Amino acid sequence: MSKPASDTQTLWQDYRKTQDPELRDRLILTYAPLVKFVAGRLGASLPSHVDEQDLVSSGLLGLVSAIERFDPDREIKFETYAITRIKGAIIDELRSLDWVPRSVRTRAREIERAIAELERTLRRVPNDDEIAAKVGVTRQELEDSLSEISRSSMAALDELWSPSGGGDQIALIDTIEDDGAPDPEFSLEQAEMKEALGDAIARLPEREKLVVTLYYYEELTLREIGEVLGVTESRVSQLHTKAVLRLKARLSGAVREPAEA
């Protein structure tokens, strides 16, 4: 059962004044469900050997950091601020586990790099045959690679991104979700990323654009999207992975190069 907003606000005020560890622990208990939510979302498509409880433990460290650094006087909901730090802590843990096979990680980078280079030279979105040729594989091998990458959960907009190349990171999905007043510290970077992401999504091939829209904006599952498109869930997963790799390739250029005229 959640605490009334007035009680939580008083708790924040008392903690800010005293830095009492007991008050901090009460805040941790108040916001602990956030950690479970984020861990569940990030862990949904991870391999079975990745223990969700390990993700929760890492997420709690992110929550503690958020509580210690949060300023209640700023015009941002704590939940918005905390979720970014919880995600960051969990993703750092996943990277330290390094459970993704090196070959899959390397192939994902190769495909992303190929897409970025083709976009620069062709001045348009490359098709699958062009991407496969650039990577040096057959069309079927490209599709197999996309399936492997999707199973590793490497291709998702929950991955953190540093628009300025350093400092605090934001998740791409946070530029889609609008949780009220933005953090003033991130508002400019998030606004720029939101604009770049919207432009990149608009340039996606129609089916990939539809998958991204239904998955991230309408919050349909991959299975439900498959029913809409009349294809298998694994095919939707391939389309999703390809779309995210295209978006990452596009955004890599957007943050490193001036916007095109």
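Residues numbered from 1 in each chain as written. Predicted model: local features only at pLDDT ≥ 70, side-chain atom pairs only at ≥ 80, totals over all residues. Heavy atoms only, no water.

1. Comments concerning the packing of aromatic side chains
One pass over the structure, following the stated rule, counts 6 aromatic pairs. Between Tyr31 and Phe78, the ring centres sit 4.5 Å apart and the planes meet at 55°, which makes this aromatic pair tilted. Taken together, the positions of Tyr31 in helix α2 (residues 21–43) and Phe78 in helix α4 (residues 78–97) put the pair 47 residues apart, joining distant regions of the chain. You'll find Tyr31 and Phe78 in the same group, each marked buried. Within the aromatic cluster, the residues linked to one another by ring pairs are Trp12, Tyr31, Phe70, Phe78 and Tyr81. (Phe/Tyr/Trp six-rings, centres within 6.5 Å; stacked < 30°, edge-to-face > 60°. Helix = DSSP H or I, 4+ residues; strand = E, 2+ residues; numbered from the N terminus. Buried < 20%, exposed > 50% of the residue type's maximum accessible area, 1.4 Å probe, protein only.)

2. Things to note about unusual backbone geometry
The phi dihedral of Gln19 is positive, around 55°, even though this residue is not glycine. Relative to the helices and strands, Gln19 is located in the loop between α1 (5–18) and α2. Residue class for Gln19 comes out partly exposed when judged on its relative accessible area of 40%.

3. Digging into the environment of Glu143
Inspection of the secondary structure puts Glu143 in helix α7 (residues 139–151). For Glu143 and Asp128, which are 15 residues apart along the polypeptide, the C-alpha to C-alpha distance reads 8.9 Å. Contact partners of Glu143, with chain neighbours within four places excluded, come to Arg235 and Gln238. (Contact = heavy atoms within 4.5 Å.)

4. Things to note about the confidence of the model for the chain
Confidence along the chain averages 78 in pLDDT terms, with 74% of residues attaining 70 or more. When the elements of the chain are averaged for pLDDT, strand β1 (residues 160–161) gives the smallest value, 46, and helix α6 (residues 128–135) the largest, 94. Per-residue pLDDT stays below 50 along residues 160–168; that stretch engages in 26 contacts with residues further than four places along the chain or on separate chains. Segment residues 178–182: pLDDT under 50, and 8 contacts once partners within four positions in sequence are set aside and those in other chains are kept. (pLDDT = per-residue confidence, 0-100.)

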